[in-house]
Amino acid sequence: MSKHYDVIVVGGGHAGCEAALAASRMGCSTILFNINLDSVALMSCNPAIGGLAKGQLVKEIDALGGEMGKIADKTAVHFRLLNASKGPAVQSSRFQCDKQLYRLAMKAVVEKEKNLHLRQTLVDRLVVEGKRVIGVEDHTGVFYKGNVVVITTGTFLNGMIHVGTVHYPAGRAGEIASIDLAESLKSLGFEMGRMKTGTPPRLRASTIDFSRLERQDSDPDPEPFSFTTEELREERLPSYFSYTTKETHRIIRENIMHSPLYSGVIKGVSARYCPSLEDKVMRFSDKERHPVVLELEGLNTEEIYAKGLGNCLPLDLQEKIVRSVPGLEEAEIMRSAYAIEYDFVQPTQLKPTLETKLIEGLYMAGQINGTSGYEEAAAQGLWAGINAAMAVQGRSPFVLDRSEAYMGVLVDDLITRGVDEPYRMFTSRAEYRLILREDNATFRLMGRGYDLGLIPKEHYDRMQEKMCQVQEGIRSLSSVRIYPGSEVNTILQEIGTAPIKNPVTLYQLLRRSEISYDDLKRFAGWEPVKDRMVIKQIEIEARYEGYIKRQLDSVMKMKALEGKKIPRGIDYHSVPGLSNELKMKLSKVGPVTIGQAERIPGMTQAAITAILVTMKKMEIETASQQKKEAPSQ
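Thresholds applied
- Residues numbered from 1 in each chain as written.
- Predicted model: local features only at pLDDT ≥ 70, side-chain atom pairs only at ≥ 80, totals over all residues.
- Heavy atoms only, no water.
- Helix = DSSP H or I, 4+ residues; strand = E, 2+ residues; numbered from the N terminus.
- Rg over C-alpha atoms; globule rule 2.2 N^0.38 Å.
- Buried < 20%, exposed > 50% of the residue type's maximum accessible area, 1.4 Å probe, protein only.
- Contact = heavy atoms within 4.5 Å.
- Areas by Shrake-Rupley, 256 points an atom, 1.4 Å probe, with all protein chains shown as cover.
- Phe/Tyr/Trp six-rings, centres within 6.5 Å; stacked < 30°, edge-to-face > 60°.
- Lys NZ or Arg CZ within 6 Å of the ring centre and 35° of its normal.
- Domains from an automatic or database assignment.
- Disulfide = S-S within 2.5 Å.

1. So, the overall build of the protein
Here is step 1 of the chain: Per the secondary structure count, the protein includes 20 helices and 22 strands.
Here is step 2 of the chain: By the compact-globule yardstick of 26 Å for 633 residues, the protein fits well, its C-alpha radius of gyration being 27 Å.
Here is step 3 of the chain: Its C-alpha atoms put the protein at 95 × 85 × 50 Å along the principal axes.
Here is step 4 of the chain: In the protein, buried positions account for 56% of the 633 residues.
Here is step 5 of the chain: Across the protein, the fraction of contacts at a sequence separation of at least 24, relative to all contacts at a separation of at least 6, is 72%.
Here is step 6 of the chain: When the accessible area of the protein is evaluated, it comes to approximately 27,500 Å², of which 50% is carbon and sulfur surface.

So this is what it looks like as structure tokens:
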């Protein structure tokens, strides 16, 4: 084609949409390819956005100017705050969305975006000159030229669907696989592997006896994902709970030979944390039952997502399994469960920007990097799209470290540790999770989004105003002191907290978990705050002040290591004292800093010392060489 694009994005899933939107909004002419434009941003599996640790990612995407949180807010029909009874570091939002409304809403945003073009086609080949990508070629032989290319192919690379003994090529049910592009990547020399995921059956709602199921309604007063959302839609859908039975487990055990997972047909690695029902029954034989969660896929559909019943057995066995569950005795399967295998690229071959080390100008994001989940994909897509635009515009790369965002943890884990199973974000992966909370993502990252040009000034100014309100609220409470006495202690007793024996400020009182900001209104000097977001920040800052300070001290130590750059071209095979295993890992990963080197699996302090000694020797040799080459005075 005669048109030359700044950024080419291959794949219109959650990663591809965020990548394309970011690049185009930053001023780059961008084209987004998808095999079927009707499946742009399709929720291939569960109809939900967010979840444990994933809610943090969605909030961070929004803070940087991404779209996922906005679309989730527009289309959500069920709202839950997970871990609500625990501390704020592990609380996460999960929104169940109308599956088709989500797809259509995102597609509308993508279609209307200036600088962004859509094209329905199958990309078969990367076109490379030397070690730089210059464009792509589709299945009809048309060449599209571009400065950079972002690959976000999801499960489509060499995708193979399995249902019992039947298996066939597909990217997901009903869509063709991307076979030639997988071969193109292999021919370029990328180290690739094989992974497996799956999806449960969809059931017909009118054939389910909901009276036998436990009902769960939405939280009554949810907070939106996006800073820009004024109100959430009023329609609400419930979820329902049931359990597998001894009969369910008997059917599976007696027919396990028909599962391609156990017959040896499936070679791809599946995730330990999200096993199929066959795996649960066979691996946890002591469990008499497993939970089944039924979620309506939308406001105007009969389809029910049957979480917990995912398997890849033949359809006749799937029907028996479904009907062995209480409430599902007459349930009709509308779409069968299946497993899917697909190719991925080992992410240790990526730079911190998600550009490949092997081919300049080529970026990868999403499941091609060995991850699972919409939110992990969208976060990588935004990251890759931003960096693709930065490269085109000759600007400095965009990278967040582990102390700045869950995104930083995600990318660092991928490029440093690699993957041996589908990667999923957990709060336990983030060592600084107390300062990387879902509730403060906007405050942490919106400034970066504004600097990138992805956040409008009015939104940034409004966020700044809220930050000022938080600081003013803390200052105000810290300036009001109350003294022990019968009146004060009676009020404290009525609030449900212990009396005081010494003078304290209202801010000190707020450190008590049983006291809320509004409880303090009974004391003179308290000033009202209407903004829930501001109140929440004041309460968290008060209660976790000491813990936050200790974590910030740890961050400073970490940044000292991250600031110590490892020189390019260091030959780890010549570093004395390193094991052969570490030499290979260090050469493969190519850590940018000592901090990144420390996080390589199997790394020892002795090995870090050996690297530091070698770096010092290199500095001395370089200085000596420069001195010799310097002209005499």
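2. As for the packing of aromatic side chains
Here is step 1 of the chain: This structure, assessed with the given rule, holds 8 aromatic pairs.
Here is step 2 of the chain: Relative to Phe225, the ring of Phe95 has its centre 4.3 Å away and its plane inclined at 40°; by these criteria the two rings are tilted. Of this pair, Phe95 sits in strand 5 (residues 92-97) while Phe225 sits in the loop between strand 14 (214-216) and strand 15 (239-243), and the two are 130 residues apart along the sequence. An identical accessibility class is assigned to Phe95 and Phe225; each is buried.
Here is step 3 of the chain: Ring centres 4.5 Å apart and planes at 45° place the aromatic pair Phe210 and Tyr240 in the tilted group. Taken together, the residues Phe210 in the loop between strand 13 (202-204) and strand 14 and Tyr240 in strand 15 connect sequence positions 30 residues apart.
Here is step 4 of the chain: A cation over an aromatic ring shows up here: Arg289 above the ring of Tyr243, its NZ or CZ 3.6 Å from the ring centre.
Here is step 5 of the chain: We note Arg429 situated over the ring of Tyr423; from NZ or CZ to the ring centre the distance is 4.1 Å.

3. What about the domain arrangement of the protein?
Here is step 1 of the chain: According to the domain assignment, the protein consists of domain 1 (2-195 + 342-452), domain 2 (202-340), domain 3 (457-554) and domain 4 (564-629).
Here is step 2 of the chain: For domain 3 versus domain 4, the separation of C-alpha centres amounts to 48 Å.

4. Here's the deal with helix 2 (residues 54-63)
Here is step 1 of the chain: For helix 2, the buried fraction is high: 10 of the 10 residues fall into the buried class.
Here is step 2 of the chain: Within helix 2, the full set of buried residues consists of Lys54, Gly55, Gln56, Leu57, Val58, Lys59, Glu60, Ile61, Asp62 and Ala63.
Here is step 3 of the chain: Gly65 sits one or two positions beyond helix 2 and adopts a positive phi of about 100°.

5. Observations concerning the state of the cysteines
Here is step 1 of the chain: Following the criterion strictly, the structure yields 0 disulfides and no others.
Here is step 2 of the chain: Unpaired in this structure, Cys312 has its nearest cysteine sulfur neighbour in Cys274, at a distance of 13 Å.

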